[in-house]
Amino acid sequence: MGFNCGIVGLPNVGKSTLFNSLTKTAAADAANYPFCTIEPNTGRVAVPDPRLIQIAELAKSAEVIPTFLEIVDIAGLVRGAASGEGLGNQFLANIREVDAIIHVLRCFDDSDITHVENSVDPIRDAATVETELMLADMDSLERRMAALTKKTRGGDKQAAADLALMEKLFAGLSEGLPARTVNRLTDAEALRLPQFQLLTAKPVLYACNVAEQDSATGNTLSAEIAEKAEEEGAAYVVVSAAIEAEIATLSDEEAAEFISDMGLKEPGLNRLIRAGYDLLDLLTFFTAGPKEARAWTVRNPATAPMAAGVIHTDFQRGFIRAETISYEDYIACQGEAGAKDAGKLRIEGSDYQVKDGDIFHFRFNV
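All values derive from a computational prediction rather than experimental measurement.

Q: Describe in detail the pattern of salt bridges, supporting the description with residues and values.
A: Evaluated as defined, the whole model comprises 15 salt bridges. The salt bridge partner of R363 is E323, with a shortest N-O separation of 3.1 Å. One end of the pair, R363, is in strand β12 (residues 359-364); the other, E323, is in strand β10 (residues 319-325), and 40 residues separate them in sequence. For E323, a relative accessible area of 11% corresponds to the buried category. Here the residues in one salt-bridge network are E130, R180, K228 and E232, joined through shared partners.

The following block contains the structure:
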């Protein structure tokens, strides 16, 4: 099961530099000119989770395997993308395939790095990208509404419901509201919304790319984006692509010293990855034993059989029960044996809702 976030933004805002740092590769050619990333590059990045290390130590696991998140570096967008300007058609097709959007915004001044608008204004840049996505969504809805109108004349009830929903969405988009912020939807309509694959319905994380000296505290530009994110119910992080690029070249020991010198508690990319993970509303559960301790990902909400199916489809198909210990109990009791002795190991059935941090041992029969 793969979950991915697409890194988007205007050209030369630091998308490819962040991508390279995330994957610690030179897969994306971070160059100082627009469209240096032509084909979307995809990298798998480990989700930082100190709980996994603690679990592995108590289980005396020989191997530690984190869970992963896919990051896709997508070509830069310019005004007119919705009508095919620049690499617009390709950009829109690429972004349609991701689960969530990490929108990188330039929040630093540097005369050596060109900006397609010749000035630094992250609010304007965010609006430029959002407008192109909204225009693309409106075009998509218009075409589909025309087809649905014909079906409703034949008495198709689902077509009538979808048409009513699309009309609400189109009205919201016409008012400048991304589909994810249209609040006039019923519960049933909100559940139906993902089926329409609208670009502006995807959850968004704003990544404020700041100068090195602002990496710990942010600046006035990133503060503007923080306010925008709060108004929209979106997420945001402050990160310095320049610092992350430097960290990616260092050994673990050197990186730790460098991070401390910069006044940071951890790399900004750790926060970016975790924020992307949270953006997708994902849960982490664990399995642990002498062979390996491993983190797994499942979308929230999920039942125990669904979690078992992430490991292997046979586990879900033949699910009998789940032996479950919460992370807190596992640590407090110094591992599985202590949790059993303390009565903290629970037997859960097929209706159990997975909680973040659960440590499972699945029983199944096929």
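Q: An account of the sheet that holds strand β4 (residues 68-73) is needed here, citing residue identities and associated values.
A: Spatially, the 6 strands line up as an open sheet ordered β2-β4-β1-β5-β6-β7, and their pairing is mixed. The open sheet has two edge strands with one neighbour each: β2 (41-46) and β7 (235-239). Here the average twist between neighbouring strands, direction ignored, is 25 degrees. Where helix α10 (residues 268-279) meets the sheet, its contacts fall on β1 (4-8), β2, β4, β5 (100-106), β6 (204-209) and β7, and the angle it forms with β7 comes to roughly 170 degrees.

Q: Give a detailed account of the state of the cysteines, specifying residues and quantitative values.
A: Here, disulfide denotes a covalent bond that connects the sulfur atoms of two cysteines. One pass over the full model with this rule turns up 0 disulfides. In this structure C107 is a free cysteine whose sulfur lies 4.3 Å from that of C208, the closest cysteine sulfur available.

Q: Describe helix α9 (residues 252-261), listing the residues and the values that go with them.
A: Owing to its 3.6 residues per turn, the α-helix brings residues three or four apart onto one side. Of all the positions in α9, only A255, F258 and I259 are classed as buried. Along α9, the residues classed as buried sweep out an arc of 100 degrees about the axis, all on the same side. The exposed residues of α9 that point more than 90 degrees off its buried face are E253, E257 and D261.

Q: Could you give an account of unusual backbone geometry, naming the residues involved and the relevant values?
A: Looking along the chain, the bond that leaves N300 and enters P301 is cis, with omega of 0 degrees. Relative to the elements of secondary structure, P301 occurs in the loop between β9 (292-299) and α11 (304-311). Positive phi outside glycine occurs at K60, with the angle close to 55 degrees. Its place among the elements puts K60 in the loop between α2 (50-59) and β3 (63-65). Using a relative accessible area of 68% as the deciding quantity, one classes K60 as exposed.

Q: With reference to specific residues and values, describe the nonpolar core.
A: Buried together is how nonpolar side chains tend to be arranged in soluble globular proteins. Membership of the largest hydrophobic core comes to 52 residues, with the highest contact counts inside it found for L69, I71, I95 and I102. At 6 residues, α10 tops the list of elements feeding residues into this core. Residues in contact with I102, not counting those within four places in the same chain, are C5, G6, I7, V8, I71, L205, A207 and L272. Judged by nonpolar contacts, the second largest core, of 18 residues, contains M138, L165, L185 and L198.

Rules of the game
Residues numbered from 1 in each chain as written. Predicted model: local features only at pLDDT ≥ 70, side-chain atom pairs only at ≥ 80, totals over all residues. Heavy atoms only, no water. Salt bridge = Lys/Arg side-chain N within 4 Å of Asp/Glu carboxyl O. Helix = DSSP H or I, 4+ residues; strand = E, 2+ residues; numbered from the N terminus. Buried < 20%, exposed > 50% of the residue type's maximum accessible area, 1.4 Å probe, protein only. Pairing = 2+ DSSP bridges. Axes fitted to C-alpha atoms, helices over the stretch in contact; angles between N-to-C directions. Contact = heavy atoms within 4.5 Å. Disulfide = S-S within 2.5 Å. Arc of directions from axis to C-beta. Core = buried A, V, L, I, M, F, W, Y, C linked by side-chain atoms within 4.5 Å.

By themselves, these are just geometric observations and shouldn't be taken as functional.
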